[in-house]
Protein chains: 2
Amino acid sequence: MADSVSILGATGALGFGLAIRLGRAGTPVVIGSRDAGRAAEAAGKAKAAVPEGSFEGLENAEAAQRSDVVILSVPFRNQSENLTNLKGVLREGQLLIDATVPLAAAVSGKATRMLGVWQGSAAQQAQEMVDDGVRVVSALHTVSAAVMSDLDHALDEDILVCGDRKADKQEAMELIQRIEGLRCVDCGRLEMARITESLTALLIGINVRYKTHAGIKITGV
Amino acid sequence: MADSVSILGATGALGFGLAIRLGRAGTPVVIGSRDAGRAAEAAGKAKAAVPEGSFEGLENAEAAQRSDVVILSVPFRNQSENLTNLKGVLREGQLLIDATVPLAAAVSGKATRMLGVWQGSAAQQAQEMVDDGVRVVSALHTVSAAVMSDLDHALDEDILVCGDRKADKQEAMELIQRIEGLRCVDCGRLEMARITESLTALLIGINVRYKTHAGIKITGV
């Protein structure tokens, strides 16, 4: 059996979509939520959507310890609090895939605008806040939550991955590419996440104007 | 005959690629350069590449007055100076398509990093600096100059267009889409250019890592 992945914030739309897609691809998924009850409920919903999948619902900190790879898929408003709660919880060598996007919506602004993050990006904030030895990679900002959670929708788009070490990115890419129709593109160091994160705001605007669920593809790769 | 377009900075790689592609599409092109001699030389080169095209080379300010649509395709280092030189030159109603990218390379930094522009983006700086009544649209940041200038290369990618008025964007899109293989996507107001401009830096990094000339496509549109 493949190693499991823990998804914190998997009761949210993107996290839940990731959970069922990865579950369908044969990866056991630990669903994390602030509330253990809501996590268990989401695990039940995931199991109903993908009966062949393995899903378990746990409170975030407990979920985070259950897998070598942890995906953080929470609103920016809660990212810092979540990372504080993970201090002393994540262990050396674990890989954290941060999918947070600092949309201005976090402070009641527009979802088509970005906040400036002191560290440069949400991913760099994550890197600063995790314990030493936890590896951080940034990914999964451009795939629509609606499209991810709709298993009948055939995906065909790219996932832009940033991180400071090639091996970490490779590990994240192998996990994400278990999902059919997703191809990962190495977008450079973690600092480049300020660009890939901002694509969410761009795509949200496109979604409104074109009444669609847009994504990104890099041509020529 | 179709209305002409003036391309300022068309002795540069992207501007020249645009010139020959638009010329091949049947649009008369006025090639602008700081130096009238270099402009004439580039027009000659363009004519050699596309014998059926119409090309004229003029000093930038003169070139700018020759068409209703002007494309500004200069390094960020020179954008402000170019716009200053266009004061009192561009007339009300003209459409300026700004393709400038504030890469950190402009101040001897990396081409994979961006500068912060006080107004938010190079396009917004252009909007602030042009005379009243000149309309500014932002576009053409993600198409590779190398690919544009290689007429044997079949294009198949998107051009992300930002601007404050729909009609202005429509006009720019119709012009750009004369080039076979380019599709324009409306990316919202001019302020969104800070995101589309930054994609150049992202793609430059991808080009290095994957030894390619990458571009962007928006899926689901």
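Computed from a predicted model, the values in this text were never measured in an experiment. (Residues numbered from 1 in each chain as written. Chains lettered and ligands numbered in written order. Predicted model: local features only at pLDDT ≥ 70, side-chain atom pairs only at ≥ 80, totals over all residues. Heavy atoms only, no water.)

Please provide a residue-by-residue account of helix 5 (residues 122-129) of chain B, values included.
Turn by turn, an α-helix covers 3.6 residues, leaving residues three or four places apart pointing in a common direction. For helix 5 of chain B, the tally of buried residues reaches 6 of 8 residues, placing the bulk of the element in the interior. Of the residues making up helix 5 of chain B, those classed as buried are Ala122(B), Ala123(B), Gln124(B), Gln125(B), Ala126(B) and Met129(B). (Buried < 20%, exposed > 50% of the residue type's maximum accessible area, 1.4 Å probe, protein only. Helix = DSSP H or I, 4+ residues; strand = E, 2+ residues; numbered from the N terminus.)

Now, about the sheet that holds strand 2 (residues 29-33) of chain B: what can you tell me, with residues and values included?
Residues and elements named next belong to chain B. The sheet built from 8 strands is open, its strands ordered 3-2-1-4-5-6-7-8 with mixed pairing. In this open sheet, the two strands that pair with only one neighbour each are strand 3 (55-59) and strand 8 (182-186). Strand-to-strand twist of the sheet, defined as the mean angle between neighbouring strand axes without regard to direction, takes the value 25°. As paired strands, strand 7 (residues 157-163) and strand 8 are joined by 5 bridges and run parallel to one another. Within strand 8, the position partnered with valine 161 by the bridge is aspartate 186. (Pairing = 2+ DSSP bridges. Axes fitted to C-alpha atoms, helices over the stretch in contact; angles between N-to-C directions.)

Explain unusual backbone geometry to me, using residue names and the numbers behind them.
Residues and elements named next belong to chain A. With a phi angle near 75°, leucine 140 is a residue other than glycine that sits in the positive phi range. Relative to the helices and strands, leucine 140 resides in the loop between strand 6 (135-138) and helix 6 (145-149). Positive phi, close to 45°, is recorded for lysine 211, a residue that is not glycine. Residue position: lysine 211 is located in the loop between helix 8 (193-210) and strand 9 (215-219).

Explain the relation of the copies chain A and chain B to me, and be specific about the residues and the numbers.
Mapping chain A onto chain B calls for a rotation angle of 180° and an axial translation of 0.0 Å; the resulting RMSD is 0.0 Å. The transformation relating the two chain copies, once decomposed into turn and shift, fits a two-fold axis. In terms of proximity to the rotation axis, the leading residue of chain A is Lys217(A), whose C-alpha is 2.5 Å off the axis. Taken together, the interface assignments show that 100% of the residues at the interface of chain A recur at the interface of chain B, consistent with an identical surface on both copies. (Least-squares fit on C-alpha atoms with pLDDT ≥ 70 in both. Contact = heavy atoms within 4.5 Å.)

Would you mind going over the pattern of salt bridges in detail, with residue names and values included?
Pairing between side chains becomes possible if they bear opposite charge and their charged atoms approach one another. Inspection of the entire model under this criterion finds 22 salt bridges over all chains. A salt bridge links Arg66(A) to Glu56(A), with the nearest nitrogen and oxygen atoms 2.9 Å apart. Taken together, the residues span a long stretch of sequence, with Arg66(A) in the loop between helix 3 (60-64) and strand 4 (69-72) and Glu56(A) in strand 3 (residues 55-59) at a distance of 10 residues. With a closest N to O distance of 2.7 Å, Glu191(B) and Arg113(A) form a salt bridge. Here Arg113(A) lies in the loop between strand 5 (95-98) and helix 5 (122-129) and Glu191(B) lies in the loop between strand 8 and helix 8 (193-210), a pairing that spans two chains. A relative accessible area of 37% means that Arg113(A) is categorised as partly exposed. Connected via shared salt-bridge partners are Arg135(A), Arg165(A), Asp168(A) and Glu171(A). (Salt bridge = Lys/Arg side-chain N within 4 Å of Asp/Glu carboxyl O.)

Now, about the interface of chain A and chain B: what can you tell me, with residues and values included?
Counting from both sides, the interface comprises 33 residues of chain A and, opposite them, 33 residues of chain B. Summed over the shared surface of chain A and chain B, the result is 4 salt bridges. Arg209(A) is the salt-bridge partner of Asp186(B), the closest N and O atoms lying 3.5 Å from each other. The tally of links between chain A and chain B comes to 13 residue pairs in polar contact (both at pLDDT 80 or more). Of all the elements in the fold, those that place two or more residues in the side of chain A that touches chain B are strand 7 (157-163), strand 8 (182-186), helix 8 and strand 9 of chain A. Per element, the largest residue contribution to the side of chain A that touches chain B is 10 residues, and it comes from helix 8 of chain A. Broken down by class, the residue content of the side of chain A that touches chain B amounts to 17 nonpolar, 9 polar and 7 charged. (Polar contact = N/O pair within 3.5 Å; in protein donor to acceptor, adjacent residues only side chain to side chain. Nonpolar A, V, L, I, M, F, W, Y, C, P; charged D, E, K, R; others polar.)

Please give an account of the sheet that holds strand 7 of chain A that cites residues and values.
Pairing is mixed in the open sheet, where 8 strands are placed in the order 3-2-1-4-5-6-7-8 (chain A). The open sheet has two free edges, formed respectively by strand 3 and strand 8 of chain A, since each of these has just one partner strand. Going from strand to strand, the sheet's axes swing by 25° on average, the running direction of each strand aside. With 4 bridges joining them, strand 1 (residues 5-8) of chain A and strand 2 (residues 29-33) of chain A adopt parallel strand pairing. Counted as the bridge partner of Leu8(A) is Gly32(A) from strand 2 of chain A. Against the sheet, helix 8 of chain B touches strand 7 and strand 8 of chain A, its axis set at about 90° to strand 8 of chain A.

Give a description of a negative patch on the surface that names residues and reports values.
Residues and elements named next belong to chain A. Among the surface-exposed residues, Asp35, Glu41, Glu59 and Glu62 lie close enough to one another that they form a single negatively charged patch. Topologically, aspartate 35 is positioned in the loop between strand 2 and helix 2 (36-49). Take aspartate 35: its relative accessible area is 40%, and that puts it in the partly exposed class. (Patch = residues over 30% accessible without salt bridge, like charges linked within 9 Å, V, L, I, M, F, W, Y side chains within 5 Å. Areas by Shrake-Rupley, 256 points an atom, 1.4 Å probe, with all protein chains shown as cover. Lys, Arg positive; Asp, Glu negative; His and termini not counted. Charge placed at Lys NZ, Arg CZ, Asp CG, Glu CD.)

Any details on the environment of Gly109(A)? Residues and values, ideally.
Looking at the secondary structure, you find Gly109(A) in the loop between strand 5 and helix 5. Placed 56 residues apart in sequence, Gly109(A) and Arg165(A) show a C-alpha to C-alpha distance of 34 Å.

Explain the packing of aromatic side chains to me, and be specific about the residues and the numbers.
One pass over the full model with this rule turns up 0 aromatic pairs over all chains. Directly above the aromatic system of Phe16(A) lies the positively charged group of Lys45(A), at a separation of 4.6 Å from the ring centroid. (Phe/Tyr/Trp six-rings, centres within 6.5 Å; stacked < 30°, edge-to-face > 60°. Lys NZ or Arg CZ within 6 Å of the ring centre and 35° of its normal.)

Before we move on, can you summarise helix 8 of chain B with the specific residues and values?
All names here are of chain B. Under the 1.5 Å per step criterion, the end-to-end length of helix 8 is 26 Å for 18 residues, consistent within 8% with the ideal 26 Å. Among the 18 residues of helix 8, 13 are classified as buried, and the element is accordingly described as predominantly covered. Looking one or two residues beyond helix 8, the residue adopting positive phi is lysine 211, at roughly 45°. (Expected span 1.5 Å × (residues − 1).)

Describe in detail the nonpolar core, supporting the description with residues and values.
Core analysis: the biggest nonpolar cluster contains 74 residues, and Leu96(A), Ile218(A), Leu96(B) and Ile218(B) have the highest contact counts within it. What Leu96(A) contacts, discounting residues up to four positions off in sequence, is Val70(A), Leu72(A), Leu83(A), Leu90(A), Ala126(A), Val130(A), Val134(A), Arg135(A), Val136(A) and Val137(A). (Core = buried A, V, L, I, M, F, W, Y, C linked by side-chain atoms within 4.5 Å.)

Give a description of the packing of helix 8 of chain A against helix 8 of chain B that names residues and reports values.
The geometry of helix 8 of chain A relative to helix 8 of chain B is characterised by a closest axis approach of 10 Å and an angle of 145° between their N-to-C directions. Helix 8 of chain B is crossed by helix 8 of chain A, and the crossing has left-handed handedness. The segment helix 8 of chain A lies against helix 8 of chain B, with Ile195(A), Thr196(A), Ser198(A), Leu199(A), Ala201(A) and Leu202(A) engaging Ile195(B), Thr196(B), Ser198(B), Leu199(B), Ala201(B) and Leu202(B). (Left-handed = near helix turned anticlockwise from the far one by under 90°.)

Spatial relationships are all this shows, so hold off on functional conclusions.
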